[in-house]
Amino acid sequence: MSEIPFSLTWLIPLPPLLAFALIVLFTNPDKKLSARVAIFGVAVSWVLGWWIVLSSVVIPHFGEHAFRLAVHWLPAASSVLTVGVIVDPVTAGMLFMVPFVCLMIFIYSVGYMTFPGHLPQSLNVDGLDPRYSRFFAYISLFAFGMLGLVIAENLLMLFIFWEVMGLCSYLLIGFWFEKPSAYKAGLKAFITTRVGDTIMLAGMVLLYAQSGSLAFADIFSPGNLERLATTTVNVPLFGPTPWATVLAIMIFFGAIGKSAQFPLHVWLPDAMEGPTPVSALIHAATMVSAGVYLMIRMFPLVQAVEHGPALTFIAFIGAFTALFAASIAVAQNDIKRVLAYSTISQLGYMFAALGIGAYVAAVFHLLVHSFFKSLLFLGAGSVIHAMEHGHHATAEHGDAQEGSFDPNDMRNMGGLFRKMPITALTFIAGGLALSGFPIVTAGFWSKDEILADAWINGHSIVFWTLAFAAFLTAFYTGRQIFLVFFGTPRTSAAHHVGESVRSMTYPLIVLAIFAVVGGWVGIPEGFPGLGHILNNPFHHFIASQAEALGIEAAVLPFNPAPVSISILAALGGLALAWTVYGVQPVESRDAPDPLERPLGGLYRVLQNKYYIDEFYAATVIRFTIWLSHLFSRVDRDWIIDPLVNWVGRSGRRLATGLRRLVDEPIIDGLVNGVGSATNASGAFLRLIQTGRVQNYLVVMLLTALMLLALYTTPGS
Amino acid sequence: MLLRLIFVVVSAFTLGFALLMVTARSLFHSALAMAASFLGVAALYILLEAEFLAGVQILIYVGAIAILIIFAIMLSRGTMRTAEPVVNKQWPFVAVVALSLFGLLAFLVSQVAWPARSAEPMGDPIAALGKAFVGPYVVPFEVASVLLVVAMIGAIIIAREKE
Amino acid sequence: MIPLSWYLVVAAALFSIGVYGVLTRRNAVGVLMGVELMLNAVNLNLVAFWRYVTPTKMTGQVFAIIVITVAAAEAAVGLALVIAAYRTRRTVNVEELDTLKG
């Protein structure tokens, strides 16, 4: 085999990084040039990436001789940390998708990043966003992170790129930081994912301690896996557990945070505050699927203990999230939030697939989903953009009737099909793929493969959960299409929309083609009539890697039962959406949703996302704030009153602490309820934030000191 | 025995100036004490037979960083009114914490049976160091140089007068 | 022959003094100087361990030099920040630089 393209793999992430540096340092003042630099950078990566993909698919049984290149980075005590690249079928699949989707979204952004509506029009000089160049710099840096993650040869490198993406995600969600909701959403995303990342980092450290290396090749050597699966560690509450299980679950928490799975899903819907290309690129196609990619990479470790709790846990979280998020999406009115919950739900599908051992199906759905979900987001962006322009047009004509106009609200739309046919057609193509419209769309084949796997391997709970989620998916997709594109315009802004510019519609068309034909490479061989046209090349390509890693990935026999249930779910959901929203379109934007009456209280629960955000505010966040308040009181009293009356006061302080610990939360919580809790937590927060770094550092040092003392106490 | 005496003198010099550095009322005196303390550390390196490192220490710390700090002091001069205390209100508490940190570390050091010098460095340590930098440590070395460039550019951009 | 533990104790003392400086100095430049002291203590440990435990490998010295490099970068950026803060806020008192206050 030819080594040339593979030895160039390490070059793939570099052009976007170079573009980032060029834009930041030099081309910053020239907006158009900055955009061109960014697009050129990612285009080079795309060409390189596809060259490598093409060279790898022609090699038979590529998975058995995957390419690996590593150089020494840092000799540590008894081992050496390496940097390097790996190209195997999973990487190749990602290299097919990532740079291409990036390129499409970069091109789309050229037209999308016009002057935003929330800024005063007096600042508008050239019709473009004031931070146009910065936007392209950030998304270039992001592309660098994602491409680097995909080719990383060890877990440490993967984690570094993982965090680069986390930073970019934070910067881009809060890109329009003039809006308080935007910068708050950025912080929320950063801090929520941090919870998962911390557990993941701890897992990595333990993994390094246990296997002496973080390179995938070393971790997955049969001897090491065998050792991790047989040696146990005593976990509190659970008793002796194999290391492999503990480590897999800890690393999975990183994926839960990044891929917005329950219970850390709360950040993703808020992340929709960012510009729509960012939602499409980071929060649908690439970064959030990096969590799935991580678990696909770590799969040998996950299944080192056969039918172990790690697999069950992943399957449970995935299936639950799939259904949970799909049910929320049914009752949302923000066009992007519907898609955000849909993304959470679809990522849950992938995790559920991994949890039941459907390795190839998970990879397949990951890739296919990226294409149609980025298409849907870009289509939604095109609609929002048009609505904003429509709103401006109405405002200029003087018949501005709306006080606060939300261009994202689907209740303001309606009847857009005739105004913007390209966007509508491509959006519908993406929507059909998402709902799994049989035979023609890619989403059908990938979803079907997961369902078939669950059915044939006897995971009936997972199967029925996912099948019901598929039904809901089809329903909310249909609801969205009918609300946005059919019926009659419900506001004057919707009357004045027009088709978007070509730099936005062309990427839509290209992605729509992929959303349809992309699934054909993975048609199951046993499928009547169609199976033998292509012979499922995707399965064989990925399965060669699975076999090399000792993962079960046999070709499944064809079974008509799951296929027909899947078809029934998709068509049933779409048909129900048609009867509810299509036959008699919602007439005015103030009319109640047709679902509101039959569902009653359940509708409100769904619309409020099961009150998870409120629950966190009342429990975790309030507790944390209250705890730090207690610490800070102790700290501040010491500082102000230097050690003189310390003994005398500590008794009183203890009493105060007890009162605050026992009395106030219970009394307050019972009497005043959640409302006053939010108020009180705000007041607490203001008190502890002295803003003085040195105060914070003292607390940090004390903690370190206590830990040090604790660990060195004889007998521990 | 003579070596131990020298060690005690050098350590006392280093720690004494370090203490002076954190307590001096004038920031300028502080900076001078810091340079002296760094000089003491360089002497300790010589006692440890790391002559190259001692040279680096003098060039970079006593030379460059001390000068940089004195520049910063002079550029931001006059902002601290002399009547105000130079330390913040939490200093007695921090003193206790720092002392207990030292106590704990010293206790830990005393608990371990440390090895005596086992072997002598082979050949020319400076040549070995040079080879290490272009051999097994070439990546960290290159990364460090990139870091320096980035830091320089960053420092210039941050400190530059905005037009 | 000087025992290794003597060096470690000196380094611990230097580190603690540095910590004290970082946590108490009101002038930002003073805080930076404390950080430099702490870094020196770390370097002293690295070199002492190199000499006593692995004198045939150069790891300890290499790390010390990398720490010095990072310290130089840190000093440059830190002092640039001090200058920038002085220019915009007219103060280098860390107690007044409290925009993090909620």
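Computed from a predicted model, the values in this text were never measured in an experiment. The numbers attached to residues start from 1 for each chain and follow its sequence in the written order. Throughout, the order in which chains and ligands are written sets their labels, letters from A for the former and numbers from 1 for the latter. Totals for whole chains, interfaces and linings use every residue, but because this is a predicted model, local features are given only for residues with pLDDT of at least 70 and side-chain atom pairs only at 80 or more, for both listing and counting. Hydrogen atoms and water are omitted, and side-chain values are computed over all heavy atoms in the structure.

Considering the overall build of chain B
For clarity, the cut-off: Labels follow the DSSP assignment, with helices taken as runs of H or I lasting at least four residues and strands as runs of E lasting at least two, numbered in each case from the N terminus. Radius of gyration: over C-alpha atoms. The globule rule applied is 2.2 Å multiplied by the number of residues raised to the 0.38 power. Three exposure classes are used, based on accessible area relative to the maximum for each residue type with a 1.4 Å probe and protein chains only: buried under 20%, partly exposed in between, and exposed over 50%.
When helices and strands are counted, chain B shows six helices and zero strands. Going from N to C terminus, chain B has its helices and strands arranged as α-α-α-α-α-α. Radius of gyration (C-alpha) of chain B: 20 Å, far over the 15 Å computed for a compact globule of 163 residues. The proportion of buried residues among the 163 residues of chain B is 38%.

Examining the overall build of chain C
Here is the rule: Note on contacts: a residue pair is in contact if any heavy atoms of the two residues lie within 4.5 Å. Counted as positive: Lys and Arg. Counted as negative: Asp and Glu. His and the chain ends are not counted at all. Charge coordinates come from a single atom per side chain, which is NZ of Lys, CZ of Arg, CG of Asp or CD of Glu.
When its secondary structure is counted, chain C shows three helices and zero strands. Here chain C has a C-alpha radius of gyration of 17 Å; the compact-globule value for 102 residues is 13 Å, and the former is much larger. Classification of the 102 residues of chain C by burial places 67% in the buried group. Within chain C, counting contacts between residues at least 6 apart in sequence, those at least 24 apart form 59% of the total. Mean positive and mean negative side-chain charge positions of chain C (8 and 5 charges, respectively) differ by 5 Å.

Digging into helix H25 (residues 560-582) of chain A
All names here are of chain A. Rules: An expected span of 1.5 Å times one less than the residue number is assigned to each helix. Nitrogen and oxygen atoms within 3.5 Å of one another constitute a polar contact, given that in protein one can donate a hydrogen and the other can accept it, and given that sequence-neighbouring residues count only through two side-chain atoms.
Here H25 is 23 residues long and its end C-alpha atoms lie 31 Å apart, about the 33 Å a rise of 1.5 Å per residue gives. For H25, the complete set of buried residues consists of Pro-562, Val-563, Ser-566, Ala-569, Ala-570, Gly-573, Leu-574, Ala-577 and Tyr-581. Residues of H25 that are buried make contact with helix H18 (421-435), helix H19 (442-456) and helix H20 (460-485). The opening residue of H25 is Asn-559, an N-cap whose side-chain oxygen sits 3.0 Å from the backbone nitrogen of Ala-561.

Side note on the pattern of salt bridges
Residue and element names in this part refer to chain A. As a reminder, the rule being used: In what follows, salt bridge is the name for a side-chain nitrogen of Lys or Arg lying within 4 Å of a carboxyl oxygen of Asp or Glu.
One pass over the full model with this rule turns up 10 salt bridges over all chains. We note a salt bridge from Lys-179 to Glu-273, for which the minimum N-O separation is 3.7 Å. Here Glu-273 lies in the loop between helix H11 (267-270) and helix H12 (276-285) and Lys-179 lies in the loop between helix H6 (155-173) and helix H7 (180-211), a separation of 94 residues in the sequence. Residue class for Lys-179 comes out partly exposed when judged on its relative accessible area of 24%. Because the salt bridges share partners, they merge into one network encompassing Glu-163, Arg-194 and Asp-197.

Quick look at the interface of chain C and chain B
Facing 71 residues of chain C, the contacting portion of chain B comprises 84 residues. Run the count over chain C and chain B and you get one salt bridge. C:Arg51 is paired through a salt bridge with B:Glu49; the nearest N and O atoms lie 3.4 Å apart. Mapped onto the side of chain C that touches chain B, the elements with two or more residues apiece are helix H1 (4-24), helix H2 (28-52) and helix H3 (59-89) of chain C.

Here's the deal with the nonpolar core
Quick note on the threshold: Residues belong to a common nonpolar core when they are buried Ala, Val, Leu, Ile, Met, Phe, Trp, Tyr or Cys residues joined through side-chain atoms within 4.5 Å.
Core analysis: the largest hydrophobic core is formed by 217 residues, its most contacted members being A:Leu155, A:Leu158, A:Leu294, A:Met295 and A:Tyr359. Here this core gets 20 residues from one element, more than from any other, and that element is helix H17 (residues 359-397) of chain A. The next biggest cluster of nonpolar side chains, apart from the first, holds 80 residues, and it includes B:Val109, C:Met33, C:Tyr86 and C:Val94.

Here we look at the pairing of strand E2 (residues 80-87) of chain A
Where a strand is regular, its side chains alternate between the two sheet faces. All names here are of chain A. Put simply, the test is: By the convention used here, strands pair only if DSSP detects at least 2 bridges between them.
Extensive coverage of E2 is indicated by the burial of six of its eight residues. Across eight bridges, strand E1 (residues 67-75) lies against E2 in antiparallel orientation. Bridge pairing in E2 places Val-71 opposite Val-83.

Things to note about the environment of A:Phe417
Within the secondary structure, A:Phe417 is located in the loop between H17 and H18. Sequence separation of A:Phe417 and A:His496 is 79 residues, and the distance between their C-alpha atoms is 13 Å.

Structural notes on the side chain of A:Ser213
Residues and elements named next belong to chain A. With respect to the helices and strands, the residue Ser-213 is situated in the loop between H7 and helix H8 (216-219). For Ser-213, a relative accessible area of 12% translates into the label buried. Looking at Ser-213, its side chain comes within polar contact range of the main-chain nitrogen of Ala-215, at 3.0 Å. Setting aside residues up to four positions removed in sequence, Ser-213 forms contacts with Tyr-208, Asp-218 and Ile-219.

Structural notes on H18(A)
All names here are of chain A. The end-to-end C-alpha separation of H18 is 21 Å, in line with the 21 Å expected for 15 residues at 1.5 Å each. With respect to burial, H18 is a largely interior element, 11 of its 15 residues being buried. Inspection of H18 places Thr-423, Ala-424, Thr-426, Phe-427, Ile-428, Ala-429, Gly-430, Gly-431, Ala-433, Leu-434 and Ser-435 among the buried residues, and these make up the whole buried set. Looking one or two residues beyond H18, the residue adopting positive phi is Gly-436, at roughly 75°.

Digging into the confidence of the model for chain B
Do not read the predicted coordinates in detail wherever pLDDT is low. We count it as follows: Each residue carries a pLDDT value, the predictor's own confidence for that position, ranging from 0 to 100.
On average, residues of chain B score 85 in pLDDT, and 92% of them reach the 70 mark or higher. Across chain B, helix H1 (residues 2-23) of chain B holds the top mean pLDDT of 92, while helix H5 (residues 125-134) of chain B sits lowest at 84.

Overview of the environment of A:Phe96
Here A:Phe96 lies in helix H4 (residues 89-112). Not counting chain neighbours up to four residues away, the residues in contact with A:Phe96 comprise A:Trp50, A:Val53, A:Phe371 and A:Phe514.

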